[in-house]
Protein chains: 2
Amino acid sequence: MKPNFSLRLRVFNLNCWGIPYLSKHRTDRVKRLGDFLNRESFDLALLEEVWSEQDFQYLRQKLLPAYPAAHYFRSGIIGSGLCVFSKHPIQEFTQHVFTLNGYPYMIHHGDWFCGKAVGLLVLHLGGLVFNAYVTHLHAEYNRQKDIYLAHRVAQAWELAQFIHHTSKKADVVLLCGDLNLHPKDLGCRLLKEWTGLHDAYLETRDFKGPEEGCTMVPENCYVNRQELEQFPLGIRIDYVLYKAVSGLYISCKTLRTTTGHEPHSGSPLSDHEALMATLCVRHSPPQHNPSPTHERSPLISVLREAWTELDQGMAQGRWWATIAGYVIGLGLLLLTLLCALVAGGEIREVAVLLWTPSVGLVLGAGAFYLFHVQEAKGLCRARAELQHVLGRAREAQDLGSESQSALLLGQQEGDRAEEQ
Amino acid sequence: MKPNFSLRLRVFNLNCWGIPYLSKHRTDRVKRLGDFLNRESFDLALLEEVWSEQDFQYLRQKLLPAYPAAHYFRSGIIGSGLCVFSKHPIQEFTQHVFTLNGYPYMIHHGDWFCGKAVGLLVLHLGGLVFNAYVTHLHAEYNRQKDIYLAHRVAQAWELAQFIHHTSKKADVVLLCGDLNLHPKDLGCRLLKEWTGLHDAYLETRDFKGPEEGCTMVPENCYVNRQELEQFPLGIRIDYVLYKAVSGLYISCKTLRTTTGHEPHSGSPLSDHEALMATLCVRHSPPQHNPSPTHERSPLISVLREAWTELDQGMAQGRWWATIAGYVIGLGLLLLTLLCALVAGGEIREVAVLLWTPSVGLVLGAGAFYLFHVQEAKGLCRARAELQHVLGRAREAQDLGSESQSALLLGQQEGDRAEEQ
């Protein structure tokens, strides 16, 4: 790489709100999105909530000349909704589907059926290995009483772990997507602390868009204003995050966000705002890393917080499994009683009538039990991974700055396994 | 690293057959396994089918002095059954649960409930980054009519992809586990070709164990001899596979396999045989890579074969989903008819009696439909990833050996996206 090396990259991100039959003006919006992406010719366009594969295929055809590479990430029953269009060849891609993603019985929320995931693309640009990730985490339906909080924290952790383990040889890491997390939410802090990713909105000196960088704003005609009652300016839940390896420096030259209206026609492309970032990767002289002691503290504190959240979620999952166990027992008792009544010829019709709900009760409670056992296991798995990282971070802090670098490089063997 | 650097590593692998209440002499075998591992003091012991977390905790306590680090990989409803004991500190760990893993309605096979997975451990040994993977793929119940073939191929692909994407900075890669694949099976060839892993049994000059390296042998008293009718010597489905980066050379000095009897007491530790490998990692001078033209051909041919298998699995998944769709329709019709009969007062009792099976039919077919839609999506995802790799491998072959290295390094941009 030349010393005056510089790579400019224009990135687009949008949650497209593309639910067939439910999202307003979907066909028209997808068409206008295609026109817009063709006009702007970004290096990379990362999209979420493209729930219909037909929409992806339509965009694929339309964008083929300007974006010869594309991929749709399939998962779950409905799909992940994630797709990507790239001006540059995609060298490799894969995906990771989150272990936990809501509850199947919350049909009206629907997240469980989607198979929310993180998609990875490996690009080779200007001799650099470029890992781009696109994701969409579980939605937040009630901020005051968020029953999905533990799941979203577990997803943020899995996302961070996936990036951590798959980007070890990448020169540049980019993550775009709808995190369904406010900037100060636990999941968002956990993700940033564990991966070391920087937030384009906080880093750039040239931002144009709604106040506080909001990506869901009341000005957008598709947004339910009631949902934003507590946030008069809107909320920021869509992100462009990035980092580069030592020896490279990445910065966000400009960040533009739509403001509730599509830049040209005035009508919005989605209920979310689009993010358009111009990133610049440059050669940088090796820098002295700030003492890790100071860097470890926020990691430790956020890991602790996440541990507690996952632990509570686990306890709740086990509680539901226990309740379901009792209901199964009761249902079986009821069924036995009904059988006895039918055999004895007493209130036969009523007994037969009650047969259906009883069988339904036992089967439903059985499924509920199995689901929550699996939920508790999933949360326990995330907690164990997190606990291990916490243990290592604490040791690194305790050992003081002198021997830390050595420990982080794994030269020291004072480690203890993670099991509680 | 010193030029005369050499690292010796003793590795143990065993499918423990630890199904509570079902596996014979489980408690005794776990106890003897603990004694054996303590006596032998391996660097790394990787175990499968430790289904009971109590068994893991028992071993953890027992092995603590000799193996201070340990981890149990939790997943699914029952668990992944995978765990690991290490003499050396575990720097990092994570896991990937396979998207497809049999059918929930095949309760007697049970694989679906297990959450089969691959676990990753990162160790730092002698200044080297050492990625150790442990896995267990879906069982084969009927080799002549294997309804799980597409799932196992998809698992082998996901396993290979997980290793490929998470080991890019590893110096040494080790994979141990019960693949439920014979050496020449499609999944095994796919895994080896895409990851470049070598088979300890085929590589070592010093093997002691059953003929042809079999890991399930008729001599083992726990093995169902009927299942091995077609294979009088037994079958080889458990593996130790490895590779090292350029500049390092890894070889298997010795490979020992139990022979249906535990080495000391004579009674077997499991229905599978244990693998004990002594690996040696040395510094090696940079070698001239053989022309990739010749190396690509087997990859292309195995990718093609796997593509066809996944495609067939996908078609079958969609066919089942369609059938389920018809059954749902019929069930709904039947329910409407029954309601009409009850309302009209005709054959009321029979109608009420038929209500339960009809509701069950609709709900069952609904679940069946959703499951097979998700199955088809999972297979389609694996097929798309595989197709992309196939496309790139073909281009590399077509371009001839001269420009191949450059293409493999991603310098060339003649790539096309993967979508069909």
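Basis of the calculations
Residues numbered from 1 in each chain as written. Chains lettered and ligands numbered in written order. Predicted model: local features only at pLDDT ≥ 70, side-chain atom pairs only at ≥ 80, totals over all residues. Heavy atoms only, no water. Least-squares fit on C-alpha atoms with pLDDT ≥ 70 in both. pLDDT = per-residue confidence, 0-100. Contact = heavy atoms within 4.5 Å. Helix = DSSP H or I, 4+ residues; strand = E, 2+ residues; numbered from the N terminus. 1 Å grid on protein atoms, 1.4 Å probe; cavity = no way out; pocket = protein on both sides within 12 Å on 5 of 7 lines; lining within 4 Å. Points joined across faces, edges and corners; volume = space filled by probe spheres on them. Nonpolar A, V, L, I, M, F, W, Y, C, P; charged D, E, K, R; others polar. Buried < 20%, exposed > 50% of the residue type's maximum accessible area, 1.4 Å probe, protein only. Buried area = accessible area lost by both parts, 1.4 Å probe. Salt bridge = Lys/Arg side-chain N within 4 Å of Asp/Glu carboxyl O. Polar contact = N/O pair within 3.5 Å; in protein donor to acceptor, adjacent residues only side chain to side chain. Phe/Tyr/Trp six-rings, centres within 6.5 Å; stacked < 30°, edge-to-face > 60°. Lys NZ or Arg CZ within 6 Å of the ring centre and 35° of its normal. Axes fitted to C-alpha atoms, helices over the stretch in contact; angles between N-to-C directions. Parallel < 35°, antiparallel > 145°, perpendicular 65-115°, else oblique. Left-handed = near helix turned anticlockwise from the far one by under 90°. Pairing = 2+ DSSP bridges.

### Comments concerning the relation of the copies chain A and chain B
One copy of the chain maps onto the second through a rotation around an axis plus a translation along that axis. The two copies are related by a screw motion: chain A maps onto chain B through a turn of 180° and a shift of 0.0 Å along the axis, at an RMSD of 0.1 Å. The symmetry that links the two subunits is that of a two-fold axis.

### Side note on the confidence of the model for chain A
All names here are of chain A. Per-residue confidence for chain A gives a mean pLDDT of 89; residues scoring 70 or more make up 90%. Across residues 289–294, where pLDDT falls below 50, the model places six contacts with residues more than four positions away in sequence or in other chains. Per-residue pLDDT stays below 50 along residues 409–420; that stretch engages in 42 contacts with residues further than four places along the chain or on separate chains. Of the two predicted TM-score estimates for the complex, the pTM is 0.92 and the ipTM is 0.90.

### Some remarks on the environment of His151 of chain A
Residues and elements named next belong to chain A. If you trace the backbone, His151 turns up in helix α4 (residues 149–166). Separated by 80 residues in the primary sequence, His151 and His71 place their C-alpha atoms 27 Å from one another. In this structure, His151 is in contact with Leu100, Asn101, Gly102, Tyr103 and Glu375, ignoring residues within four places of it in sequence.

### Considering empty space enclosed by the protein
In this approach the atoms are scanned with a rolling probe the size of a water molecule, which exposes any empty space left behind. Under the defined criterion, the tally for this structure stands at ten cavities of 30 Å³ or more. There is about 100 Å³ of room inside the largest cavity. Together, Thr94, Gln95, His96, Phe162 and Thr166 of chain A together with His96, Glu158, Gln161, Phe162, His165, Thr166 and Arg381 of chain B line the largest cavity. Counting only elements with at least two residues in the lining of the largest cavity, the list comes to β5 (92–97) and α4 of chain A together with α4 (149–166) of chain B. A per-element tally of the lining of the largest cavity places α4 of chain B first, with five residues. In terms of residue class, the lining of the largest cavity is made up of two nonpolar, eight polar and two charged.

### What about the environment of Ala45 of chain A?
Residue and element names in this part refer to chain A. Inspection of the secondary structure assignment puts Ala45 in strand β2 (residues 44–50). On the basis of relative accessibility, which here comes to 0%, the residue Ala45 falls in the buried class. Separated by 94 residues in the primary sequence, Ala45 and Ala139 place their C-alpha atoms 22 Å from one another. Ignoring sequence-local partners within four residues, the contact set of Ala45 consists of Phe12, Leu37, Tyr67, Cys83, Val84 and Phe85.

### Description of the interface of chain A and chain B
You'll often see interface size given as the accessible area lost when the parts meet. Taken residue by residue, the interface counts 59 residues in chain A and 60 residues in chain B. Interface area, chain A with chain B, both sides summed: about 5300 Å², of which 54% is carbon and sulfur. Here chain A and chain B share two salt bridges between them. A salt bridge links Lys168 of chain B to Glu92 of chain A; the shortest N-O distance between them is 2.7 Å. Inspection of the chain A/chain B interface yields 20 residue pairs in polar contact (both at pLDDT 80 or more). Ranked by the residues each element gives to the side of chain A that touches chain B, the list is headed by helix α8 (residues 348–398) of chain A, at 17 residues. Within the side of chain A that touches chain B, the residues separate by chemical class into 23 nonpolar, 21 polar and 15 charged.

### Overview of the packing of aromatic side chains
Each pair of aromatic rings is reported with the distance of its centres and the angle of its planes. A full pass over the atoms with the stated rule returns 34 aromatic pairs over all chains. A ring pair is formed by Trp112 of chain B and Phe113 of chain B, whose centres lie 5.1 Å apart and whose planes are at 85°; its orientation type is edge-to-face. Trp112 of chain B sits in the partly exposed class, given a relative accessible area of 32%. Taken together, the aromatic side chains of Tyr103, Tyr105, Tyr141, Tyr148, Trp319, Trp320, Phe368 and Phe371 of chain A make up a single cluster linked through ring pairs. Lying across the ring of Tyr222 of chain A, Arg29 of chain A places its NZ or CZ 5.3 Å from the centre.

### Notes on the pattern of salt bridges
Evaluated as defined, the whole model comprises 36 salt bridges over all chains. Close ionic contact of Glu140 of chain B with Arg143 of chain B constitutes a salt bridge, the shortest N to O distance being 2.9 Å. Note on Arg143 of chain B: relative accessible area 32%, which makes it partly exposed. Residue Glu305 of chain B pairs with Arg189 of chain B through a salt bridge whose shortest N-O separation is 2.8 Å. On the criterion of sequence distance, the pair formed by Glu305 of chain B in helix α7 (residues 292–344) and Arg189 of chain B in helix α5 (residues 186–195) is long-range, its members being 116 residues apart. Among the residues examined, Glu305 of chain B registers a relative accessible area of 35% and is labelled partly exposed. You can call Arg189 of chain B partly exposed: its relative accessible area is 28%. Each of Lys31, Asp35 and Lys62 of chain A takes part in a single network of salt bridges with overlapping partners.

### Focus on the packing of α4 of chain A against α8 of chain A
Residues and elements named next belong to chain A. α8 packs onto α4 with a crossing angle of 50° between their chain directions and a minimal axis gap of 10 Å. Taken as axis vectors, α4 and α8 run oblique relative to one another. As for the relative orientation of α4 and α8, their crossing is left-handed in sense. Along its contact with α4, which presents Ala150, His151, Ala154, Trp157, Glu158 and Gln161, the element α8 presents Glu375, Leu379, Arg381, Ala382, Glu385, Leu386 and Val389.

### Some details on the sheet that holds strand β7 (residues 128–136) of chain B
All names here are of chain B. Overall, mixed pairing links the six strands, which are arranged β5-β6-β7-β8-β11-β9 in an open sheet. In this open sheet, the two strands that pair with only one neighbour each are β5 (92–97) and β9 (198–199). Both β7 and strand β8 (residues 172–178) contribute to a ladder of seven bridges, which runs parallel. Looking at β8, one finds that Asn131 is bridged to Val173. Along the sheet, α5 contacts β8, β9 and β11 (238–244); its crossing angle with β11, the most-contacted strand, is approximately 15°.

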